[in-house]
Amino acid sequence: MDHGRRLRRLQALVAESKLDFLLVTHLPNVRYLSGFTGSAAALLMSSEGATVFTDGRYIAQARQEVQAARVVIDSKAPALAAAEWLLGQGNGGRRGSSRPSRTLGVEAEWMTVAGRDRLASVLRGKAKVRPAPGWVEQARMVKDAGEIQRIREAVRLGASLFGIAKKTIRPGVREYEVAAAMEYEARRQGAEGMSFPTILASGPRSAIVHGRASDARIPRRGFVVCDFGVILAGYCSDRTRTVHVGRPSKEGRSLYAAVLEAQECAIAAVRAGVTAGEVDEAARGVLRERKLARWFTHSTGHGLGLEIHEQPRVAAGQRQKLEPGMVVTIEPGAYVPGEWGVRIEDVVVVTASGCEVLTPTEKDLVVIEA
Ligand code: ZN
Ligand code: ZN
């Protein structure tokens, strides 16, 4: 990971803007720019360089992880330590300097009202606080080769958990038992954790889009939606497979076939230069033809990387153009409340001429004999 390059790119954006400083407080953004993985940090960027602020718990870790920025250890909250440091800097130590007030950009999406007030009270009017554009999120949309490699490995590990699900899903087994077996296997293979609480939704619960594994027992007949992901070396995976316990009805099979066709059409639509909205429409159009569009109640996909949900959003009307190196999920679904639901999800890397599906596997309907 070339953090020096990432910092220099951001520094150039700050230099061209009306801001004198940029305060990065969203921890995944701090990690992206500096490599620091601690749970308390802020990064202050100016035309002179970057400084990471953290507290005494992280002295050794910060020295080890942060190569391209200065490190300041302070017992105060990192953002406030950065604000105090800023006051000491630009003034050249002169009190009552005639220098015009400076402008500090903050990550408005990630700062609370109380956090902004505390920052302003430390700055005492000597620097204005302004919302900064989402520069770091924009930079993070396009992954470099090292990031794609990490996501590739996370997806490979994540994909292997479906084998555990297929072995464990049986009528009468509780949903959380299946999730537990998958999560144990993930940790056993070296995952740092799951990228979100495992979704295991069986029978009528399969119609709940985010049906976290519950104590419900898997019924003798019906769909089971399994949506799961791991974090490996900081990067997330995300995958959904839907299986059917017992013999599926004709309607069940055709629901599954429609969602699969929607997913494959959307994957076929992914290529550099198309908009995220066009990819969404490729999936939605298939379900519309099948009179299922009203049951497709979420967007087609999302970016992922250091976080499970990142930009770009693959949703209706999104005008963001896809670029080579963007990594997004493609996950249409159809859910009939109280009855059933199906979702199929893969992670793809955008290329100039199309996309690469990470760890492609068979997607024909898996039927588990009851
Ligand atoms: Zn998912
Ligand atoms: Zn997803």
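Residues numbered from 1 in each chain as written. Chains lettered and ligands numbered in written order. Predicted model: local features only at pLDDT ≥ 70, side-chain atom pairs only at ≥ 80, totals over all residues. Heavy atoms only, no water.

**Student:** What should I look at first to understand the overall build of the protein chain in this one?
**Tutor:** Each helix and strand in the protein chain was counted, giving ten helices and 20 strands. Reported as C-alpha extents along the three principal axes, the dimensions of the protein chain are approximately 80 × 40 × 35 Å. Accessible surface, the protein chain: about 16700 Å² in total, of which carbon and sulfur atoms supply 50%. With 52 positive and 41 negative side-chain charges, the protein chain shows a separation of 3 Å between the mean positions of the two kinds. (Helix = DSSP H or I, 4+ residues; strand = E, 2+ residues; numbered from the N terminus. Areas by Shrake-Rupley, 256 points an atom, 1.4 Å probe, with all protein chains shown as cover. Lys, Arg positive; Asp, Glu negative; His and termini not counted. Charge placed at Lys NZ, Arg CZ, Asp CG, Glu CD.)

**Student:** Whenever I open this one, the packing of helix H1 (residues 3-16) against helix H2 (residues 27-34) confuses me. Can you help?
**Tutor:** The relative placement of two packed helices is expressed as an angle between their axes plus a distance between the axes. For the pair H1 and H2, interaxial distance at closest approach is 7 Å and the crossing angle is 115°. In terms of orientation, H1 and H2 fall into the roughly perpendicular class. Residue-level inspection shows His3, Arg6, Leu7 and Leu10 of H1 in contact with H2, the latter providing Arg31, Tyr32, Leu33 and Ser34. Here the contact of H1 with H2 is composed, by residue class, of four nonpolar, two polar and two charged. (Axes fitted to C-alpha atoms, helices over the stretch in contact; angles between N-to-C directions. Parallel < 35°, antiparallel > 145°, perpendicular 65-115°, else oblique. Contact = heavy atoms within 4.5 Å. Nonpolar A, V, L, I, M, F, W, Y, C, P; charged D, E, K, R; others polar.)

**Student:** Would you take a moment to explain the sheet that holds strand E1 (residues 21-24) for this structure?
**Tutor:** Paired through backbone hydrogen bonds, the strands of a sheet run either parallel or antiparallel to each other. Read across the open sheet, the six strands follow the order E4-E3-E2-E1-E5-E6; overall the sheet is mixed. Lying at the two open borders of the sheet, with one neighbouring strand each, are strand E4 (70-73) and strand E6 (127-131). Strand-to-strand twist of the sheet, defined as the mean angle between neighbouring strand axes without regard to direction, takes the value 25°. Alignment of strand E3 (residues 49-54) against E4, held across four bridges, turns out to be parallel. By the bridge assignment, Thr54 is partnered in E4 with Ile73. Packing against the sheet, H2 makes contact with E1, strand E2 (42-46) and E3, and its axis sits at approximately 55° to E2. (Pairing = 2+ DSSP bridges.)

**Student:** Where do I start with the coordination of the zinc ion (ligand 2) in this structure?
**Tutor:** As a benchmark, a tetrahedral metal site with four donors has ideal angles of 109.5 degrees, while an octahedral site with six donors has ideal angles of 90 or 180 degrees. Each protein donor to the zinc ion (ligand 2) is listed here as Asp238 (OD), His302 (NE2), Glu331 (OE) and Glu345 (OE); together their distances run 2.0 to 2.2 Å. Coordination at the zinc ion (ligand 2) is irregular, judged from the four donor atoms that bind it and the angles of 79 to 154° they form at the metal. Sequence spacing of the donor residues for the zinc ion (ligand 2), all on one chain, is D-x63-H-x28-E-x13-E. (Donors = N, O, S within 2.8 Å, 3.2 Å for Na, K, Ca; no water. Tetrahedral: all angles 85-135°; square planar, octahedral: opposite > 155°, others 65-115°.)

**Student:** How should the coordination of the zinc ion (ligand 1) be read in this particular structure?
**Tutor:** Within the first shell, the zinc ion (ligand 1) binds the protein through Asp227 (OD), Asp227 (OD), Asp238 (OD) and Glu345 (OE), at distances of 2.0 to 2.6 Å. Metal-centred angles of 55 to 149° between the four donor atoms at the zinc ion (ligand 1) mark the site as irregular. The sequence pattern describing where the donors of the zinc ion (ligand 1) fall on their chain is D-x10-D-x106-E. A separation of 3.1 Å is found between the zinc ion (ligand 1) and the zinc ion (ligand 2), which share Asp238 as a coordinating residue. Linking Asp238 in the loop between strand E11 (235-236) and strand E12 (239-245) with Glu345 in the loop between strand E17 (340-343) and strand E18 (346-350), this pair joins segments that are 107 residues apart in sequence.

**Student:** What am I meant to see in the environment of Val129 here?
**Tutor:** With respect to the helices and strands, Val129 occurs in strand E6. Here the alpha-carbon distance between Val129 and Asp117, two residues twelve residues apart in the chain, equals 9.7 Å. In this structure Val129 touches Leu104, Val106, Arg116, Leu119 and Leu123, once residues within four positions along its chain are discounted.

**Student:** It is not clear to me how the pairing of E1 should be interpreted in this structure. Could you clarify?
**Tutor:** Strand residues, when the strand is regular, have side chains that alternate between the two faces of the sheet. Side chains Phe21 and Leu23 of E1 all project onto a buried face; the interleaved residues Leu22 and Val24 project onto the opposite face, where all are buried too. The sheet contact formed by E1 and strand E5 (residues 102-106) spans three bridges and is parallel. Looking at the pairing, Leu23 lines up with Val106 of E5. Sheet analysis places E1 next to E2, joined by four bridges and oriented antiparallel. Of the residues in E2, the one forming a bridge with Leu23 is Leu44. (Buried < 20%, exposed > 50% of the residue type's maximum accessible area, 1.4 Å probe, protein only.)

**Student:** How should I be thinking about the environment of Arg170 in this particular structure?
**Tutor:** Within the element layout of this structure, Arg170 appears in the loop between helix H7 (145-168) and helix H8 (175-188). Under the relative-accessibility criterion, Arg170 is labelled partly exposed at 35%. Separated by 181 residues in the primary sequence, Arg170 and Thr351 place their C-alpha atoms 40 Å from one another. With residues up to four places along the chain from it excluded, the contact list for Arg170 reads Ile218 and Ile368.

**Student:** Would you mind going over the domain arrangement of the protein chain with me for this structure?
**Tutor:** One frequent convention defines the size of an interface as the accessible area lost when the parts assemble. In terms of domains, the protein chain is made up of domain 1 (3-140) and domain 2 (142-368). If you average the C-alpha positions of domain 1 and of domain 2, the two centres end up 36 Å apart. Listed as interface residues are ten residues of domain 1 and, on the opposing side, ten residues of domain 2. The three residues of domain 1 that bury the most area against domain 2 are Arg6, Arg31 and Arg140, which together make up 58% of that side's buried surface. The interface formed by domain 1 and domain 2 includes four salt bridges. Between Arg6 and Asp144 there is a salt bridge, with its nearest N and O atoms 2.9 Å apart. In this assembly, domain 1 and domain 2 are joined by seven residue pairs in polar contact (both at pLDDT 80 or more). Looking at the side of domain 1 that touches domain 2, the elements with two or more residues in it are H2 and helix H6 (135-141). (Domains from an automatic or database assignment. Buried area = accessible area lost by both parts, 1.4 Å probe. Salt bridge = Lys/Arg side-chain N within 4 Å of Asp/Glu carboxyl O. Polar contact = N/O pair within 3.5 Å; in protein donor to acceptor, adjacent residues only side chain to side chain.)

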